[in-house]
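Close look at the chain arrangement
Chain residues, written in single-letter form:
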Amino acid sequence: MAVQTVAGNTTSSAPAVDLGPAAALSCRECGERFELGPLFACASCFGPLEVAYDLPTGSPEELRKRIEAGPDNIWRYAPLLPVPADVAEKPNLNPGFTKLVKADNLARELGVTGGLYVKDDSGNPTHSFKDRVVAIAVEAARAFGFTTLSCSSTGNLAGAVGAAAARAGLRSCVFIPHDLEQGKVVMAAVYGGELVGIEGNYDDVNRFCSELIGDPLGEGWGFVNVNLRPYYGEGSKTLAYEICEQLGWRLPDQIVIPIASGSQLTKIDKGFQELIKLGLVEDRAYKIFGAQAEGCSPVSAAFKAGHDVVRPQKPNTIAKSLAIGNPADGPYVLDIARRTGGAVEDVTDEQVVDAIKLLARTEGVFGETAGGVTLGVTKKLIEAGVIDPALTTVVLNTGDGLKTLDAVSATSQATATIKPSLDAFRAAGLVAN
Ligand SMILES: *Cc1c(COP(=O)(O)O)cnc(C)c1O
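What comes next concerns the included structure. (Residues numbered from 1 in each chain as written. Predicted model: local features only at pLDDT ≥ 70, side-chain atom pairs only at ≥ 80, totals over all residues. Heavy atoms only, no water.)

Some remarks on the sheet that holds strand 10 (residues 254-258)
Strand order across the open sheet formed by six strands is 4-5-13-10-11-12, with mixed pairing between neighbours. Only two strands of the sheet have a single neighbouring strand rather than two, namely strand 4 (100-102) and strand 12 (343-347). Going across the sheet, the axis of each strand differs from the next one's by a mean of 25°, ignoring polarity. Judged from the five bridges that link them, strand 5 (residues 116-120) and strand 13 (residues 393-397) form a sheet pairing that is parallel. Considered in strand 13, the bridge of D120 is made with N397. Lying over the sheet, helix 12 (residues 349-363) contacts strand 4, strand 5, strand 11 (287-293), strand 12 and strand 13, oriented at roughly 95° with respect to strand 12. (Pairing = 2+ DSSP bridges. Helix = DSSP H or I, 4+ residues; strand = E, 2+ residues; numbered from the N terminus. Axes fitted to C-alpha atoms, helices over the stretch in contact; angles between N-to-C directions. Contact = heavy atoms within 4.5 Å.)

See below:
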């Protein structure tokens, strides 16, 4: 598909496609603007592109009321997203507005007094935060006339794309590293699209997809996290909006976010900034913390070394959903952590498992390995005095533990196996009397 890129200010002329308040794409590095299209890199400086908006004018009260009257999913924020106004009426999976769990038991255990919350995105349609980003990318795919939806995935994205494509009536063909968890593979295959395992790690899969986009084989394909990446990324802003709305239109003081490519973290920051600009929340300081597994910690390593560039790593961790050795948004994550006074930290696989079980034991929330990474880092940073226990803190659980059972199956088994008799139960010694 041929796409005209037009340099210069494009906001004065109406965009060629209807993606609601989205006005143009703009380069994060040099600021050059381009017409809305399936583009991801600046034609002048190769910097990443992001969506620029004509954001709603009018009073914050009006906008707040309009949002609160909207549906109980991400489409309540349609005025702030690159989607057409009638998006809620189209066939899609309506993700979002997941629970913000006030985690008092966990807070007590960790010594947090300022209020601890878990934003539990396992409640999304395919049980991870990826439904948010895919829902936005589907609208862009429809607008640009793509007939096949695709992605390079660490697991959760493949399932989210498969499901969203099924619902939208699009074809799908998704690519994953061949050695993912069984739960992720089945979740990606069950929706009936093509699922291709690549012999290599995520970074190999991603490189393969970039080649496919440039080849006639990939013509008419919308890769949600490659040529639709600017739109895809905007879906993560809805986490920022929901958290603030659920806190009573207030910014959290501290938030801990897992890092794979770093897109989610950078867009949550963008979401907070927009809410401040629109007057929907009071403008006050917040700190953003990034979480990685030690076996794939390129951003954490750069943060600790004081570097601006992120040196790629070869991933080796049970947190496969976060196993991106060469994270595209790594440098922006470093900027945000430093600008807000946050940090980037990593934990061992053993600490990941402990944190999964800690969250389950204290709050009844069973997170996937990425959730274990995030809570593990939170605990480590509280103990190090970096996260202030007296301030309001939000921790993300971005996926469902049922997809990564292997992480805890060795240590989560039946307490006892007995004959069906009271004598046998008494003999097992499980009760005091
Ligand atoms: C993809 C993913 C993330 C973060 O992804 P980014 O590439 O950093 O946006 C976090 N948690 C889970 C479970 C994921 O699948």
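Let us keep going from here.
Focus on the nonpolar core
Residues L106, Y231, I255 and F272 are the most contacted members of the largest nonpolar core, which totals 120 residues. Element by element, the count of residues in this core is highest for helix 3 (residues 130-143), at eight residues. Taken domain by domain, this core gets at least three of its residues from each of domain 1 (99-127 + 236-409) and domain 2 (130-232). Ignoring anything within four residues of it in the chain, the contact list for I255 reads I243, I268, F272, K287, I288, F289, V394 and L396. (Core = buried A, V, L, I, M, F, W, Y, C linked by side-chain atoms within 4.5 Å. Buried < 20%, exposed > 50% of the residue type's maximum accessible area, 1.4 Å probe, protein only. Domains from an automatic or database assignment.)

Overview of the pattern of salt bridges
What the rule picks out here adds up to 26 salt bridges. E139 is the salt-bridge partner of K90, the closest N and O atoms lying 3.7 Å from each other. Placement of K90 in the loop between helix 1 (60-68) and strand 4 and of E139 in helix 3 is noted, with a sequence separation of 49 residues between them. As a salt-bridge pair, E274 and K237 come within 3.0 Å of each other at their nearest N and O atoms. Linking E274 in helix 9 (residues 263-277) with K237 in helix 8 (residues 237-246), this pair joins segments that are 37 residues apart in sequence. (Salt bridge = Lys/Arg side-chain N within 4 Å of Asp/Glu carboxyl O.)

A few points about the environment of V196
Along the chain, the position of V196 falls in strand 8 (residues 194-198). Along the primary structure V196 and V185 are separated by 11 residues, whereas in three dimensions their C-alpha atoms are 9.9 Å apart. Setting aside anything within four residues of it in sequence, one finds V196 in contact with C173, V174, F175 and I176.

A few points about the packing of aromatic side chains
Enumeration over the complete set of coordinates arrives at six aromatic pairs. With a centroid separation of 5.4 Å and 65° between ring planes, the pair formed by F144 and Y231 is classed as edge-to-face. Of this pair, F144 sits in the loop between helix 3 and strand 6 (148-152) while Y231 sits in helix 7 (residues 229-234), and the two are 87 residues apart along the sequence. Feature note: the residues F175, F208, W221 and F223 constitute an aromatic cluster, connected by ring pairs. One residue, R28, lies across the ring of Y332, its end atom 3.9 Å from the ring centre. Positioned over the ring face of F97 is R76, at 4.2 Å from the centre of the ring. (Phe/Tyr/Trp six-rings, centres within 6.5 Å; stacked < 30°, edge-to-face > 60°. Lys NZ or Arg CZ within 6 Å of the ring centre and 35° of its normal.)

Some thoughts on the pairing of strand 12
The buried fraction of strand 12 amounts to five of the five residues, a majority that puts the element mostly inside the structure. Burial along strand 12 is two-sided: A343, E345 and V347 facing one way and V344 and D346 facing the other are all buried.

Observations regarding the packing of helix 3 against helix 4 (residues 156-168)
Remark: helix 3 packs on helix 4, axes separated minimally by 9 Å, with the N-to-C direction vectors making an angle of 45°. Taken together, helix 3 and helix 4 sit at an angle that is classed as oblique. As for how helix 3 packs across helix 4, the hand of that crossing is right-handed. Taking contact as the criterion, the partners of K130, D131, V134, V138 and R142 in helix 3 are, on helix 4, N156, L157, A160, V161, A164 and A168. (Parallel < 35°, antiparallel > 145°, perpendicular 65-115°, else oblique. Left-handed = near helix turned anticlockwise from the far one by under 90°.)

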